[in-house]
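Close look at the chain arrangement
Each chain, written out:
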Amino acid sequence: MGLLAAGDPRGEARDAWHAKETLRGIYRIPDRDLALEALDEPSRDPRDETFSPELNKLGRTLHAWRTQIANRHR
């Protein structure tokens, strides 16, 4: 973790990894309604201006496609 922090002083790689793991977890949720609820968090947080432009774009994409992503659980 120390090497990651040294090579990622602004935390962008850490934030991207966390976003990826969160999204992976959503696909493991067996219930559509729970998945839809879980999608609200990562689709809201990455639109925060403290995140990188790439994570902001991911947040907008997740928000725009949240229903379709959750429908995968049907």
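Given the structure is predicted, the values throughout are model-derived calculations rather than measurements. (Residues numbered from 1 in each chain as written. Predicted model: local features only at pLDDT ≥ 70, side-chain atom pairs only at ≥ 80, totals over all residues. Heavy atoms only, no water.)

A few points about the overall build of the chain
Of the regular secondary structure elements, the chain holds 5 helices and 0 strands. What you see in the chain, going N to C, is helices and strands ordered as α-α-α-α-α. For the chain, with 74 residues in total, the buried portion stands at 28%. A separation threshold of at least 6 residues defines the contact pool for the chain, and within that pool the share at least 24 residues apart is 51%. Approximately 5,400 Å² of the chain is accessible, and the part contributed by carbon and sulfur atoms is 56%. (Helix = DSSP H or I, 4+ residues; strand = E, 2+ residues; numbered from the N terminus. Buried < 20%, exposed > 50% of the residue type's maximum accessible area, 1.4 Å probe, protein only. Contact = heavy atoms within 4.5 Å. Areas by Shrake-Rupley, 256 points an atom, 1.4 Å probe, with all protein chains shown as cover.)

Points about the environment of F51
Looking at where F51 falls in the secondary structure, it is placed in the loop between α3 (32-44) and α4 (53-64). When the C-alpha atoms of F51 and A16 are compared, they prove to be 9.4 Å apart, with 35 residues separating the residues in sequence.

Points about the pattern of salt bridges
Scanning all chains against the criterion turns up 6 salt bridges. Residue D15 is joined to R14 by a salt bridge in which the shortest nitrogen-to-oxygen separation is 3.2 Å. You can call R14 partly exposed: its relative accessible area is 46%. In this structure, E21 and R24 form a salt bridge, with 3.2 Å as the shortest nitrogen-oxygen distance. You can see E21 and its partner R24 sitting in helix α2 (residues 12-27), 3 residues apart, about one turn around the helix. Exposure remark for E21: the relative accessible area of 25% places this residue in the partly exposed category. For R24, a relative accessible area of 39% gives the class partly exposed. (Salt bridge = Lys/Arg side-chain N within 4 Å of Asp/Glu carboxyl O.)

Examining the confidence of the model for the chain
Model confidence for the chain is summarised by a mean pLDDT of 83, while 89% of its residues fall at 70 or above. Mean pLDDT values over the elements of the chain span from 76, in helix α1 (residues 2-7), up to 90, in helix α5 (residues 66-71). (pLDDT = per-residue confidence, 0-100.)

Section: the packing of α2 against α4
The N-to-C vectors of α2 and α4 enclose an angle of 20 degrees; their axes lie 11 Å apart at closest approach. Comparing their axes, α4 and α2 come out roughly parallel. Handedness of the crossing formed by α2 with α4: left-handed. The residues of α4 that touch α2, namely those facing D15, A16, A19 and L23, are L55, L58 and L62. Across the contact of α2 with α4, the residue classes tally to 6 nonpolar, no polar and 1 charged. (Axes fitted to C-alpha atoms, helices over the stretch in contact; angles between N-to-C directions. Parallel < 35°, antiparallel > 145°, perpendicular 65-115°, else oblique. Left-handed = near helix turned anticlockwise from the far one by under 90°. Nonpolar A, V, L, I, M, F, W, Y, C, P; charged D, E, K, R; others polar.)

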